[in-house]
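Residue-level structure breakdown
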Amino acid sequence: MGKLTRFVCRLVTALACISIALASASAEDAAPALRVATRLVPPLVQRDGDHLTGFSIDLWNALAGRLGAKTDFIEMPDVASLLDAVHAGKADVGIAAISITADRDKVFDFSQPMLSSGLQILVRGKADQGAPNPLQGFMRLTLSPMILVWLGVAAILIVIPAHIVWALERRAPNGIVPDARYFPGIFHALWWAAGTLATQADQMPRQWLARVVAILWMFTGVIFVAYYTAQLTAALTVEQIQGDINGPDDLPGKRVATTRASTAASFLREQHARVQEFETVDAAYQALLGSTADAVVFDAPVLLYFAGHDGKGRVQTAGSVFRKEDYGIVFAEGSPLRKRVDRALLELRENGTYARLYQKWFGPS
Ligand code: GLU
């Protein structure tokens, strides 16, 4: 073969390669963008001006880059509608903070785990909790209905012996009632009865029957004070215990905020907590700050983000992750996309992109 023929052959091969490359590039341009359902869950998905950012969004963009696909993000209000969109074929794929669960796995295909997560508890910081503040606790007890009952009982326990002692003592010389008339004699008797009830009697009646009544009333006073102290201590202890949420066992009966249709919401219902379900994690967090909720139960990476940013010094996690969950990218069952995304995810782990993104969103700032 002559030189010229070889040259022509190479030229033809090169032209063929270029035209194939151009054809495939234009085919890619023409390929419809992947519809990706997502929802705002900082720091996995958050808004930055008019575009979305966050760990899940960065990860998806890197995956889409490897797949050579364009993306149209579709924002959904909650995880249930996100899953519905994928199920109904309105989205090709879903990515946010979607926990892989057995129930969801029956209906959907998941990618391999893209981030490990789990449920954790967020509470107000100690300074904001209220119960350990002694002045607040004292005021609450002082103004409680229980105090009114005790004051009523005390009033009866003062008025009755005061009248008995007044009637017996008013004629006794140097007795505790210096005046035989009802007024002002009864005031002295009331003062004596109140002092005796509070175990602070400073005077004793002269008349023998009045003394018997006085001794009986002194014992009544001791019992009254002991019983009252016990009740007050019990009320204070209960109040302090109720203020403390240290783990999932403390959740039953508490007002706990989370997001609608989340894995946390179903867990809380099983726990018989008083669940408050919100559309956004931010709304659940605001309920905690505003004290209309006692705790937020949600995914650890999200709670840690709130505790480390807006909630710094105001909220804190209580206990560690008590139920492990993994996040996955969700596809309709049988989607051919899953295998490609899984492979791309492995490649991103192997080439260091995944580690860089993890560091960017979850590493020390
Ligand atoms: N990990 C939660 C779930 O999949 C997130 C819920 C949410 O996005 O509100 O249920």
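Preceding this paragraph is the structure being described.
Residues numbered from 1 in each chain as written. Predicted model: local features only at pLDDT ≥ 70, side-chain atom pairs only at ≥ 80, totals over all residues. Heavy atoms only, no water.

Our focus in this paragraph is unusual backbone geometry. Cis rather than trans, the peptide bond between P42 and P43 has omega equal to 5 degrees. By secondary structure assignment, the location of P43 is in the loop between β1 (34-38) and β2 (46-48). Here the residue pair F183 and P184 is connected by a cis peptide bond, since its omega of 0 degrees sits within 30 degrees of zero. Of note, P184 is situated in helix α7 (residues 182-197). Look at N174: it is not a glycine, yet its phi comes out positive at around 60 degrees. (Helix = DSSP H or I, 4+ residues; strand = E, 2+ residues; numbered from the N terminus.)

A word on the pairing of strand β9 (residues 274-278). The pairing of strand β8 (residues 255-259) with β9 spans five bridges and is parallel. Counted as the bridge partner of T258 is E277 from β9. The handedness of the β8 to β9 crossover, carried by helix α9 (residues 263-270), is right-handed. (Pairing = 2+ DSSP bridges. Right-handed = clockwise from strand over helix to strand, strands pointing away.)

When the terminal C-alpha atoms of helix α6 (residues 145-169) are compared, their 36 Å separation across 25 residues agrees well with the 36 Å that a helix rising 1.5 Å per residue should span. Of the positions making up α6, those classed as buried are I147, W150, A154, L157, I158, P161, A162, V165, W166 and E169. (Expected span 1.5 Å × (residues − 1). Buried < 20%, exposed > 50% of the residue type's maximum accessible area, 1.4 Å probe, protein only.)

Tallying each qualifying case throughout the model produces twelve salt bridges. Across the pair R260 and D78 runs a salt bridge whose closest N-O atoms are separated by 2.8 Å. You can see R260 sitting in the loop between β8 and α9 and its partner D78 sitting in the loop between β4 (71-75) and α3 (79-87), a full 182 residues away along the chain. A single network of salt bridges, built from pairs that share partners, joins D78, R260 and E279. (Salt bridge = Lys/Arg side-chain N within 4 Å of Asp/Glu carboxyl O.)

Let us now look at the nonpolar core. In terms of nonpolar packing, the biggest core is built from 70 residues, with L59, W60, L63 and I329 touching the most fellow members. In this view, I329 contacts W60, L63, V93, G94, I95, D109, F110, S111, M114 and V341; residues no more than four positions away in its chain are not counted. (Core = buried A, V, L, I, M, F, W, Y, C linked by side-chain atoms within 4.5 Å. Contact = heavy atoms within 4.5 Å.)

With that settled, the discussion passes to the packing of aromatic side chains. Scanning the model with the defined rule gives 14 aromatic pairs in all. Centroid distance Y305 to F306: 6.0 Å. Interplanar angle 85 degrees. Geometry classified as edge-to-face. Taking relative accessible area as the criterion, Y305 reaches 23% and is therefore assigned partly exposed. With a relative accessible area of 5%, F306 lands in the buried category. (Phe/Tyr/Trp six-rings, centres within 6.5 Å; stacked < 30°, edge-to-face > 60°.)

Turning next to a nonpolar patch on the surface. There is a patch of nonpolar side chains on the surface, built from L135, F138, M139 and L143 and spanning about 470 Å² of accessible area. Mapping L135 onto the fold places it in helix α5 (residues 134-142). The exposure class of L135 is exposed, given its relative accessible area of 59%. (Patch = residues over 30% accessible without salt bridge, like charges linked within 9 Å, V, L, I, M, F, W, Y side chains within 5 Å. Areas by Shrake-Rupley, 256 points an atom, 1.4 Å probe, with all protein chains shown as cover.)

Near the ligand there are 13 residues, and of these R39, S99, R104, T259 and D299 occur at the shortest range. One of the side-chain N or O atoms of R39 is found 2.7 Å from an oxygen atom in the ligand. Relative to its unbound accessible area of 290 Å², the ligand is 99% covered by the protein chains. Within the shell around the ligand, the residues separate by chemical class into six nonpolar, four polar and three charged. (Near = heavy atom within 4 Å. Polar contact = N/O pair within 3.5 Å; in protein donor to acceptor, adjacent residues only side chain to side chain. Nonpolar A, V, L, I, M, F, W, Y, C, P; charged D, E, K, R; others polar.)

With that out of the way, let us pick up the pairing of strand β10 (residues 295-299). Across the five residues of β10, five count as buried, placing the element largely inside the fold. By the bridge criterion, four bridges tie strand β7 (residues 115-124) to β10 in an arrangement that is antiparallel. Paired with I121 across the strands is V297, a residue of β10. Sheet topology note: the β8/β10 ladder contains two bridges and is parallel. Bridging across to β10, V256 finds its partner in A295.

Look at helix α12 (residues 337-350): 20 Å from first C-alpha to last across 14 residues, which is about the 20 Å you get at 1.5 Å a residue. Taken together, the buried positions of α12 are occupied by L337, V341, D342, A344, L345 and L348. The arc enclosing the buried residues of α12, seen along the axis, measures out at 165 degrees, which places them on a common side. The exposed residues of α12 that point more than 90 degrees off its buried face are K339 and E350. (Arc of directions from axis to C-beta.)

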